[in-house]
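Chains, contacts and geometry: an overview
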Amino acid sequence: MPGTVVTFYSYKGGVGRSLALAWVAWILASAGKKVLVVDWDLEAPGLENYFWPAVAVKGMRTRAGLVDLVIDYRDRLDADALARYLERHSWQPLAAHPDWSGEDWADPSTAEQARAELADPDLREWVRERITRVDLDAARAELTRDSSGGEADSDPMKQRLRDCTSWASFVEELDIDDVFQPGGSVDLMRSGRLDAEYAAKLALLDWNELYTKFAGHRFFRTLKSRWVDYYDFVLVDSRTGMGDVSATCTQVLPDVMVACFGMNEQGILNTARVAAQARAAGARERRELRILPLPSRIETSARAAAGKAKDRYQRVFELPWEEFEEVSTTLPRQPLIGPRILGGTQKYWEQVALPHTPRYAFQEGPPHGIDRDRLQRACEFLAQNIGRDDTIRLNPPSRTAWAKMVAGFDRPARKLQYDEFVISYAEGGRDPLWAAWVYEQLCRISARVRQHNASRDGTGFLDDRLRDAGGDPGTDIDGGKLCVLILLSPRYVESDFGRATWRWAASRYTRADPADRGSSRWSLLPVLISSHAPETAPFAEIQPVSLVKLDEETARTTLLAELADTWDERESAVLTPVEFPGSPEDLVRRYQERADELERANAVTAERVATLRQLAQEKLEHHGTTSTSQAVQHLREAHRLARDRRDSLVAALTGFELAYAEFSEEQLPQRRRTGRPRQTAVRAVEETMRLVDSDTIADLSDATDIRGAIDPNSSRGGIHARSTLTSSRLYRNDLRPLRRAIDEVDRLGLIEPLSPDGQRLRLAKAVVLRLLDDVQEARPLLVEVHQNAGRDRALRARCDLEIGMGSFARGRTFWDDAYRKLLRLVQQPDIEARIRFLALSTLGAMAKPEEARGHFERAHETVAGERHLAGLRIAALVNLGRNAAARGLHPTEEGGPLKHFEEAVDAARGEWPLVSLPLAEAYWQTSRPVKSPHTSKEILARLLRAIWIYTVLGLQAEVHECRKIIGSRAAKDMGWDSFKEINDGEPTSTFTPAKISDFDVIMAILDVRVPDTTALR
């Protein structure tokens, strides 16, 4: 079976085209395939660098390549054409040449010698100057014309093409052992000899003339046929842009075209156009060309922008390719992508995208192979589609040999350049502990280490150390051989001499060789030891080395690797062993791996909010000017804390209470009316409308309770008509005062009743009534608001949603009516994403599992690209997970519950703290499997966050379940034999996993002081 030619093309450079080609080559060869890679990027060659330990990179100036092969063909054909012309004229034009005058041209040996001498370019040029271009073109045309009309082997031109496409001398095989399966190999064809004449040869290579006068199309087709007879896969690294060179790669050679593009519009559209031109060329020749789009360098940190770009390039490449090119064809219209994509286009788009991975931007090389990161998995999936074989993987016969080969790509090791170190730190907190630990690590590689207290010592101390290190304090750039490690933390930024120390060290550099400026390294090395990275100048000007969230061994390796690649290590004779400040051995006393968001949550407690509300109520009862103003300040603080925690219920309650307090303040003598109370009330209305977003609707799902047990007796998939959250006593205890606060704001007339905001206030009241199960009272309000909404389609849609959800909450008798109303609602084309999501989620709650799946998937699609609807995205993913469980899927299979729950946890990164019941369930569900892929610390962190959410919401049964899992995993799976309690910040007695249920100890781990449930609100 002949092989396959695959062209890797990109309209613009810098999209990872060469990396993708090289990695696919490594993957295919490791799977036992014979591969040829061709560097056709003639103006910017360098593909050999992805294989350089196994090929002679230094020989690239003498190694012939593609350009030499093409020029050799052109020159040989040119010599044959001149010989044909001279032969027709009895070689007489050559008789005028000084070297050939007087020769006997009747002698056949003379003609043969002259034919051989035409290989000399100077002689060919002499002959060309003495014949007309018309005669020469006629000779070339005669030479390239099919003259035999018979068998292929009897055609002189075909035989000539075979002779000119002997490619074996232009390729080299990778000199490497034990990394490919039997039969696997990689051969490399370079662009050409990269000597001083390469640019001139490339400039004189006229590709248009090659095609029009030298049968270039037949030459390349013959070259392809000879390649595919020997190789399984030929991977061509094409030139970018549009032109004859890239057209050869995209239209003449390939059976498969991998169309690489970045996320900008010109990359997407122009790459699609070139791909369509390639499909059109294939259609004209009646051959199939498969297009495999390859989105590349995707920034995973910018999720919203990446989601929009994904929607764009999917739409473009799924258009019929005839939309780009007008081609007469009897074939049915087909999308540009494909045909024959493994697993379908949806799976292809999900798995083939190449993420931007910074560590691969610094050095060319093969995939690492052991960790199988996302970039490698994407390249493996691409290789599977190229070979139409889903078993293709990076599969070296010896992992040890592969790792050794990968290590050979590393740059030469850096040696330690510093003779003396200064550790600059601030007093207080854990900073001195970090300084002691860093001191011990440096003592193992250098005997001269000093500590600098930036809260007490100025830069004079640094001047003395610089002199000891051979530097001159009198200049601003001389760093001698001194390294200043600044341990960055909020305390350091605020220390007395921290800023001066930074500026002293930031401009200095040291050199290993004083005569070699290129060997210089900066004297300053910032080391981040706190989750809060400084954002102000000058501390934000240099990227620090972060030791946050690392275990001791990783932190040590990270720190020392920043100083050098190799060092002479010795046991420290200076210090006794210092405990790592982030050590898990004292997990309860200091939980260093907690996320940045949890640190922000230290003051965000329900107790604090409850205390502020109580103080405000007491101040308002005095009716004094000062006390009323103080009440406003208390409620503003309480409202800010609730919004920081994204607790919609408490934010709505404190918002209405704040509006009332601001109104009372404006009624005092000599106070002017500002309109602020109305604005505050309007914001509180919006918070109330969010109550059903992620806290309640997620529980209207396929489970009888939060633990996900399926009810087999239900005819509609095991639905509970009431969410677990609204059955919480604490939740309902806050709903009642929220209703009273709304009534008070309505009574005061802070919002005009007939205005749009006034109608939304009444709608908010109906939402609260429904959540309190008072559907009968809520329904007339909703009907009235719907009638008064006029042309406000968004308000009418929200009313329809609430009416439908109210019917759902009344029980199964009313479900048919609710189902019809909500189905009509989601069919409206321009309703708000939030409303569409809630309606679809409720429809899914009422449907059977298979039908519900469609509703939940549409709900997820509705909010997938909306960055501001993070809570809804989490709820959508949890609904999909619970639905997968209801459909009987195994937790770990493709599309199973765990996949969706893990995606929900990923969606919450950067959103914490978030009081969201679906998020708590996602944390809980992903911590349950015995064989979890996560570390013990990650599992504990998830369970503790779930406990925090459940406690805030008053769901004690779920808190108890999480406590039991923590205890059992601590004793069995994680290998933790004991924990330490906290008593005034010092460890006391150890306790068994049974005592892990002590809630105060759990919260101490998080540094989030959430009190007992009785004092939560």
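All values derive from a computational prediction rather than experimental measurement.

Reading the values: the criteria
Residues numbered from 1 in each chain as written. Predicted model: local features only at pLDDT ≥ 70, side-chain atom pairs only at ≥ 80, totals over all residues. Heavy atoms only, no water. Pairing = 2+ DSSP bridges. Helix = DSSP H or I, 4+ residues; strand = E, 2+ residues; numbered from the N terminus. Contact = heavy atoms within 4.5 Å. Axes fitted to C-alpha atoms, helices over the stretch in contact; angles between N-to-C directions. Parallel < 35°, antiparallel > 145°, perpendicular 65-115°, else oblique. Nonpolar A, V, L, I, M, F, W, Y, C, P; charged D, E, K, R; others polar. Core = buried A, V, L, I, M, F, W, Y, C linked by side-chain atoms within 4.5 Å. Buried < 20%, exposed > 50% of the residue type's maximum accessible area, 1.4 Å probe, protein only. Patch = residues over 30% accessible without salt bridge, like charges linked within 9 Å, V, L, I, M, F, W, Y side chains within 5 Å. Areas by Shrake-Rupley, 256 points an atom, 1.4 Å probe, with all protein chains shown as cover. Salt bridge = Lys/Arg side-chain N within 4 Å of Asp/Glu carboxyl O. Lys, Arg positive; Asp, Glu negative; His and termini not counted. Charge placed at Lys NZ, Arg CZ, Asp CG, Glu CD. pLDDT = per-residue confidence, 0-100. Phe/Tyr/Trp six-rings, centres within 6.5 Å; stacked < 30°, edge-to-face > 60°. Lys NZ or Arg CZ within 6 Å of the ring centre and 35° of its normal. Expected span 1.5 Å × (residues − 1).

In this section: the sheet that holds strand β5 (residues 233–237). Strand order in this open sheet of seven strands is β3-β4-β2-β5-β1-β6-β7, and the pairing throughout is mixed. Each having just a single partner strand, β3 (172–173) and β7 (290–295) make up the two edges of the open sheet. Along the sheet, helix α1 (residues 17–30) makes contact with β1 (4–10), β2 (34–39), β4 (185–189), β5, β6 (256–261) and β7, crossing β5 at roughly 165 degrees.

A separate point is the sheet that holds strand β9 (residues 449–453). Across the sheet, five strands lie side by side as β9-β8-β10-β13-β14; this open sheet has parallel pairing. Both outer strands of the open sheet, β9 and β14 (545–546), are each paired with one neighbouring strand and no more. Relative to β14, strand β13 (residues 524–528) is paired through two bridges, and the arrangement is parallel. Bridging across to β14, leucine 528 finds its partner in serine 546. The sheet strands contacting helix α20 (residues 498–506) are β8 (420–425), β9, β10 (482–488) and β13, and the helix crosses β10 at an angle near 145 degrees.

Further remarks concern the packing of α1 against helix α15 (residues 374–387). Where α1 contacts α15, the axes come no closer than 9 Å and their chain directions differ by 70 degrees. In terms of axis orientation, α1 runs roughly perpendicular to α15. Contacts from Leu19, Ala20, Trp23, Val24, Ile27 and Leu28 of α1 reach α15 at Leu375, Gln376, Cys379, Glu380, Leu382, Ala383 and Ile386. For the contact of α1 with α15, the per-class residue count stands at 11 nonpolar, one polar and one charged.

Attention shifts here to the nonpolar core. Counting 72 residues, the largest nonpolar core has Phe8, Val37, Phe51, Leu235 and Leu382 as the members making the most contacts within it. The element contributing the most residues to this core is α1, with 11 residues. For leucine 235, the residues in contact, after removing those within four places along its chain, are Val6, Phe8, Leu21, Val24, Ala25, Val35, Leu36, Val37 and Val38.

A few words now on a negative patch on the surface. A cluster of like negative charges, contributed by Glu173, Asp175, Asp177 and Asp178, occupies part of the molecular surface. Along the chain, the position of aspartate 175 falls in the loop between β3 and β4.

Within the secondary structure, glutamate 938 sits in helix α37 (residues 936–953). The exposure class of glutamate 938 is partly exposed, given its relative accessible area of 26%. Put simply, glutamate 938 and serine 927 are 11 residues apart on the chain and 8.8 Å apart in space, counted from C-alpha to C-alpha.

Residues of the chain with pLDDT of at least 70 account for 75%, and the chain-wide mean is 75. Confidence drops under pLDDT 50 across residues 512–518; counting only partners more than four residues distant or on other chains, this segment forms seven contacts. Overall, residues 583–604 carries pLDDT values under 50, and its contacts beyond four positions in sequence, including any with other chains, amount to 70 contacts.

What follows deals with the packing of aromatic side chains. In total, this model carries 20 aromatic pairs according to the counting rule given. On the basis of an interplanar angle of 40 degrees and a centroid distance of 6.0 Å, the ring pair of tyrosine 211 and phenylalanine 220 is categorised as tilted. Looking at tyrosine 211, the relative accessible area reads 25%, which means it is partly exposed. On the basis of an interplanar angle of 85 degrees and a centroid distance of 4.9 Å, the ring pair of tyrosine 230 and tyrosine 231 is categorised as edge-to-face. Judged by its relative accessible area of 1%, tyrosine 231 falls in the buried class. Through a chain of ring-to-ring contacts, three or more aromatic side chains come together here, namely Trp40, Tyr73, Trp207, Tyr211, Phe219 and Phe220. For the cation-ring pair, arginine 465 lies above phenylalanine 461, with the distance from its terminal atom to the ring centre recorded as 4.9 Å.

Another point: the pattern of salt bridges. For the structure on display, the rule yields 35 salt bridges. Among the ionic pairs, aspartate 68 bridges to lysine 201, the shortest N-O distance being 2.9 Å. Of this pair, aspartate 68 sits in helix α2 (residues 66–88) while lysine 201 sits in helix α8 (residues 198–204), and the two are 133 residues apart along the sequence. As a salt-bridge pair, arginine 613 and glutamate 657 come within 2.9 Å of each other at their nearest N and O atoms. Highlighted residues: arginine 613 in helix α23 (residues 606–622) and glutamate 657 in helix α25 (residues 648–666), separated in sequence by 44 residues.

Helical periodicity: at 3.6 residues per turn, an α-helix aligns residues three or four positions apart in one direction. Its 14 residues place the ends of helix α32 (residues 833–846) 20 Å apart at the C-alpha level, agreeing with the 20 Å of an ideal helix rising 1.5 Å per residue. For α32, the tally of buried residues reaches 14 of 14 residues, placing the bulk of the element in the interior.

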